[in-house]
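Chain by chain, the residues run as shown.
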Amino acid sequence: MRRIISVLLENEPGALSRVVGLFSQRNYNIETLTVAPTEDETLSRLTVTTTGSDKVIEQITKQLNKLIEVVKLVDLTEGAHIERELMLVKLKATGSQRAEIKRTVDIFRGQIVDVTSSVYTVQLAGDSEKLDGFIQAVGTSGVLEVVRTGVSGIARGEKVLSL
Amino acid sequence: MELLSGADMLIRSLQDEGIEYIYGYPGGAALHIYDALFRQDKVKHILVRHEQAAVHMADGYARATGKPGTVLVTSGPGATNTITGIATAFMDSIPMVVLCGQVASTLIGEDAFQETDMIGVSRPVVKHNLSVRHPEEIPEVIRKAYYIAATGRPGPVVVDIPKDMTTPNERYEYSYPKKVKLRSYNPAVRGHAGQIKKAVDMLMAAKRPVIYAGGGVILGKASSQLTELTRTLGFPITNTLMGIGCYPATDKQHLGWLGMHGTYEANMAMHHSDLILCVGARFDDRVTNATEKFCPGARIIHIDIDPASISKTIDADVPIVGPVDAVLKEMLSLVKESRDKPDAEALASWWKQIEEWRAFHGMRYETSPDVIKPQEVVEMLWKLTNGDAFVTTDVGQHQMFAAQYYKFDKPNRWINSGGLGTMGFGLPAAMGIKLTHPEDEVLCFTGEGSIQMNIQELSTCKQYDLPVKIINLNNQALGMVKQWQDMNYESRHSQSYMESLPDFIKLAEAYGHVGVRIDRKEDLEPKLKEVLAMKDKLVFVDIYVDRFEHVYPMQVARGSMKDMWLSKTERV
C-alpha cells in the first residue's frame, strides 16, 4: 500500500543522506522525496512516499525514528490528509493543438506559464493521480518534457506536525 | 577560562569523560591529537598493529566492563581499517566512540592524500556519526558522542575530526558540558505500566512458558533482575548466543542456549511453548530458523529498549519498549504482589516434558581414545578455570564449541562477535579485557583460520605485557565452512582447506611469547595445567583436534526450531 510519511528533520548537513541511506540499506522503496526548510530554520520537512506491507511500513517509521536527526514523523495516510504535487510540462503546441491544450489545462485548473510559437509550458498542482490524468489527457506524444516535485502533504483539520 | 587548542580540548574532554584507555594508531591527520596525547598521562594510549584490532580491543573492553570503548585513528586507510570493527560493534550493540582524523576542512572533497568520506563510509554501521566543524565544538561533540553511544540501545559513534580543527596554535575557551540535550533523541526510561500488567497476567496463565533472553539483558545490566524473576516464576529459561551468562548456565532452570546450534531441550521447549517472554533479544534468523514455522502455539511478550526490534521478524502480542532492568523490576514486583500464582500443575507437567527432552541429551559428542575432540578441550578448560575465565572467541566451529561447553554463570564473561561473525575478533578483544582485568584469566578460543586474521597483535601483547591464553583448536581447515560443505555440497571442500599453516609455536616465540603444541590426548590435561600456571606469560596453545568433527545440534535449514541434526546421522 502507498504511504506518505512526513518527517521533521534537523536542518543539518548529512541528515538527508542518512534518511536516503536508510531506505537503500534496508531495501525499502522511495517513490518520491521532497525536502525543504520550514518556518523554523533549524528544521527541514521531508515527505517521502513509499509502498510496502503494514509490517514494512511499521519498520520504516521505527527505523526513521531511530535516526538521531529525525525529530518527529507522521504517516499521513493513517488519517485524512491533503497531498499536492507540482508539475511543469512542456507540450508541443502548434495549430489546432494550441486551443485544445488550453481547454485541457483549464479543465485541470492548470496554468500556461510560458509560451513560444510551438511550445506551451504548463504548470499544474494536485495529487499525483490528477497529474497522471493530465498527461494521459494531453497524450504522451505531445509531451516534450515533464518535471514533478514529488508529493508534499499535510493532515486535514487541526492536527499539526510540529515540535 | 582556560584556553586550549582543539587537540588539547579533545584529550581534555576524554579525561573529563573518565576515559582510561584509548586504542589506536597514529598518522598524518591525527598528529596534532597524538601530540596532545603525549603531553599528558591520564589517558593511556595502546598502540595496536592494525586499526581493526584497535576497535576490537575497545569492543572487548566495553563488553567486559559495560563502559564505552574509545578508538583513535588517522584519516583514509586508518579510518577505513576500522570499519569491520565498527560493524562488529554495531551488530552487537556495543557502546564505542571512534575518533578519526580527517584531512583539513579546506581540502575535503578534493581527493586529498589519505582522504576518505568517513562519515559516508561508516553511516550504515554506526548508531550515529558526527563531524567537527569548528574547534570550539569539540567538547560538546565528544560529550554527545559518548552520550549517544552509551544510552538507549548502545552502539558505535564515529567522530570525524579535520586536521585544522586541532591546530596547536589556535586556542579557545574550554569547558566540558555536564549535560547533553538532544530534542530528537530520548530513549525510553521505563516500560508502559499497562503493558507490563498485561504481560504479568499472561505469565500467570501460561501452561508451557519459556523465557528467551538475549544480549540486551547483559547490555542493560539486568542479569540479577532476570535471575530473580525466573526463579520466582519457576519457568524454564534459554538465552541467545549473545545472552550467554545473563542467567547462570549451571542452574537447573537453564536449558542452555537456543537456535542454530542451541541445545535440543531449548529448541524443543521454544517450539512447544504457549508463551514466550523475550527479554532483550531480537528473533534473529540464527535463532528462529524459518520464521513462518516459528513456535506455532506461542504468544509472545517482547521487552526491548529499541522499538524497531519489536515485531521486526516475529510479531509480538505484547510489546514492551523500555530498559530491561526497569521493566523486569516492575514485572517482578507485580508478580510478587499478585494474588495469582503461576499454574503449578501445568508447570509441573511442562517441566516433566522438558526433563525428558533434557534426558534425551542432544548436546553430546563421542570421545575417542587417541584423537583430541575440540569439545573436550573446552570442557577441560572450563573445569580448570573453575568456569570463571573471560572467554573470547573468533568465528566458526571453535566459537560454537566454546559457547556450548564452557558454562558461564556470570554476565560479561562470554565475549564473541555474534551478529556480524567477525573472524579476527578474538585476540584483540581478549587483549582489551586483559588490560583492565590483569588478575583474571582471559582465554581466547580460536582456530588456525581466524587467528591469522589479526595475528600481528601478538606484537602489541608483547609491548603491553598482556598474558592472554590463546587456545587454537587446530583442525587444519576452515571448520565451519567445511562442515557446511560436508552437509550441503557433498563434501566438496572448496577453499576451506588451509595448506601451509605456519609453525605457530615458532611464531609465538618470534613475538617473544611461549608456544605449546598439544597433539596427544594424554598430554591434554597436564599441558593445559602447565599453560594456566604460566600466569605472566602469553601462551599460544596449538591443539591438534579431530579434523572431521561437526558442530551439533544443528537446525535443519528452512525448518522450524524443533528440526535438528543431532549428529552426522541422527535427524529429529
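Keep in mind that what you see is a predicted model, and the values were worked out from it rather than measured. (Residues numbered from 1 in each chain as written. Chains lettered and ligands numbered in written order. Predicted model: local features only at pLDDT ≥ 70, side-chain atom pairs only at ≥ 80, totals over all residues.)

Enquirer: Provide a residue-level description of the overall build of chain A, including the pertinent values.
Expert: Within chain A one finds 4 helices and 9 strands. Reading chain A from its N terminus to its C terminus gives the helix and strand order β-α-β-β-α-β-β-α-β-β-α-β-β. Pairs at least 24 apart in sequence give 73% of the contacts found in chain A among residues at least 6 apart. (Helix = DSSP H or I, 4+ residues; strand = E, 2+ residues; numbered from the N terminus. Contact = placed C-beta atoms within 7 Å.)

Enquirer: Describe the overall build of chain B, naming the residues involved and giving the relevant values.
Expert: On a plain count of helices and strands, chain B comes out with 21 helices and 22 strands. For 572 residues, the compact-globule estimate of 2.2 N^0.38 gives 25 Å, and chain B sits close to it at 25 Å. A principal-axis box enclosing the C-alpha atoms of chain B has dimensions of 75 × 60 × 40 Å. Intrachain contacts of chain B at a sequence separation of at least 6 include 77% that bridge at least 24 residues. (Rg over C-alpha atoms; globule rule 2.2 N^0.38 Å.)

Enquirer: I'd like a rundown of the packing of helix α3 (residues 51-65) of chain B against helix α5 (residues 83-91) of chain B, residues and numbers included.
Expert: Residue and element names in this part refer to chain B. Following both chains from N to C, one finds α3 and α5 inclined at 25°, their axes separated by 7 Å at the closest point. Taken together, α3 and α5 sit at an angle that is classed as roughly parallel. The segment α3 lies against α5, with Q52, V55, H56 and D59 engaging T84, G85, I86, T88 and A89. Grouping the amino acids of the contact of α3 with α5 by side-chain chemistry returns 3 nonpolar, 5 polar and 1 charged. (Axes fitted to C-alpha atoms, helices over the stretch in contact; angles between N-to-C directions. Parallel < 35°, antiparallel > 145°, perpendicular 65-115°, else oblique. Nonpolar A, V, L, I, M, F, W, Y, C, P; charged D, E, K, R; others polar.)

Enquirer: Please set out unusual backbone geometry residue by residue, giving values where relevant.
Expert: Each neighbour pair has its own omega, and for Y552 of chain B with P553 of chain B the value is 0°, a cis peptide bond. With respect to the helices, strands and loops of the structure, P553 of chain B is situated in the loop between β20 (539-544) and β21 (554-555). You will see that N27 of chain A, though not glycine, has its phi angle at about 65°, which is positive. With respect to the helices and strands, N27 of chain A occurs in the loop between α1 (15-25) and β2 (32-37). You can call N27 of chain A exposed: it has 8 C-beta atoms within 10 Å. Positive phi outside glycine occurs at R558 of chain B, with the angle close to 60°. (Buried ≥ 20, exposed ≤ 12 C-beta atoms within 10 Å, placed from the backbone.)

Enquirer: Summarise the domain arrangement of chain B; cite the residues concerned and give the values.
Expert: Residue and element names in this part refer to chain B. Under the domain assignment, chain B is made up of domain 1 (3-173), domain 2 (193-360) and domain 3 (374-551). Here the C-alpha centre of domain 3 lies 30 Å away from the C-alpha centre of domain 1. Facing the 24 residues of domain 1 at the interface are 27 residues of domain 3. Elements with a minimum of two residues in the side of domain 1 that touches domain 3: β3 (44-47), α3 and α5. Here the element with the most residues in the side of domain 1 that touches domain 3 is α3; it accounts for 11 residues. Grouping the amino acids of the side of domain 1 that touches domain 3 by side-chain chemistry returns 11 nonpolar, 9 polar and 4 charged. (Domains from an automatic or database assignment.)

Enquirer: With reference to specific residues and values, describe the sheet that holds strand β13 (residues 299-304) of chain B.
Expert: Residues and elements named next belong to chain B. Across the sheet, 6 strands lie side by side as β11-β10-β9-β12-β13-β14; this open sheet has parallel pairing. At either margin of the open sheet sits one strand with a lone partner, and together these are β11 (254-257) and β14 (318-321). Neighbouring strand axes in the sheet, compared pairwise and without regard to direction, differ in orientation by 15° on average. (Pairing = 2+ DSSP bridges.)

Enquirer: Describe the pairing of strand β4 (residues 69-73) of chain B, listing the residues and the values that go with them.
Expert: Residue and element names in this part refer to chain B. Within β4, 5 of the 5 residues are buried, which leaves it mostly tucked inside the rest of the structure. Neither face of β4 is open: one carries G69, V71 and V73, the other T70 and L72, and all of them are buried. Bridging between strand β2 (residues 21-24) and β4 involves 2 bridges; their strand directions are parallel. Across the sheet, Y23 pairs through a bridge with V71, a residue of β4. Two elements, β4 and strand β5 (residues 96-102), share 5 bridges in a ladder whose sense is parallel. Each residue of the ladder has a partner; that of V73, found in β5, is C100.

Enquirer: Let's hear about the UniProt feature "domain: Thiamine pyrophosphate enzyme N-terminal TPP-binding" (unreviewed entry) in chain B: which residues, and what values?
Expert: UniProt records the feature "domain: Thiamine pyrophosphate enzyme N-terminal TPP-binding" (unreviewed entry) for residues 5-117 of chain B in the present numbering. End-to-end, the C-alpha atoms of residues 5-117 of chain B are 24 Å apart, and along that stretch the chain is 42% helix and 19% strand. (UniProt positions renumbered as here; feature names shortened; annotations may be inferred.)

Enquirer: Residues and numbers for the UniProt feature "domain: Thiamine pyrophosphate enzyme TPP-binding" (unreviewed entry) in chain B, please.
Expert: The UniProt record marks residues 394-543 of chain B with the feature "domain: Thiamine pyrophosphate enzyme TPP-binding" (unreviewed entry), using the residue numbering of this structure. As a span, residues 394-543 of chain B carries 36% helix and 15% strand, and end to end its C-alpha atoms are 16 Å apart.

Enquirer: How would you summarise the domain arrangement of chain A if you had to cite specific residues and measurements?
Expert: All names here are of chain A. One can read the domain layout of chain A as domain 1 (2-79) and domain 2 (82-152). The distance between the C-alpha centroids of domain 1 and domain 2 comes to 29 Å. Sorting the residues of the side of domain 1 that touches domain 2 by element identifies β2 and β3 (43-51) as the ones contributing at least two each.

Enquirer: Explain the UniProt feature "domain: ACT" (unreviewed entry) in chain A to me, and be specific about the residues and the numbers.
Expert: Mapped onto this structure's residue numbering, the UniProt feature "domain: ACT" (unreviewed entry) falls at residues 4-78 of chain A. This span, residues 4-78 of chain A, is 32% helix and 37% strand, and a straight line between its end C-alpha atoms measures 9 Å.

Enquirer: A description of the interface of chain A and chain B should follow, citing residues and the corresponding values.
Expert: Listed as interface residues are 14 residues of chain A and, on the opposing side, 13 residues of chain B. Mapped onto the side of chain A that touches chain B, the elements with two or more residues apiece are α1, α2 (54-66) and β4 (70-75) of chain A. In terms of residue count, α2 of chain A provides more of the side of chain A that touches chain B than any other element does, 5 residues in total. In the side of chain A that touches chain B, the residues fall into 3 nonpolar, 5 polar and 6 charged.

Enquirer: Help me get a handle on the pairing of strand β17 (residues 442-446) of chain B, residues and values and all.
Expert: All names here are of chain B. For β17, a buried count of 5 out of 5 residues is recorded, marking the element as mostly surrounded by other parts of the structure. Side-chain alternation along β17 places V442, C444 and T446 on one buried face and L443 and F445 on a second face that is also buried. In this structure, β17 lies alongside strand β18 (residues 469-474), joined through 4 bridges in parallel fashion. Counted as the bridge partner of T446 is N472 from β18. The β-α-β motif built from β17, the intervening helix α18 (residues 458-464) and the parallel element β18 has right-handed crossover chirality. (Right-handed = clockwise from strand over helix to strand, strands pointing away.)

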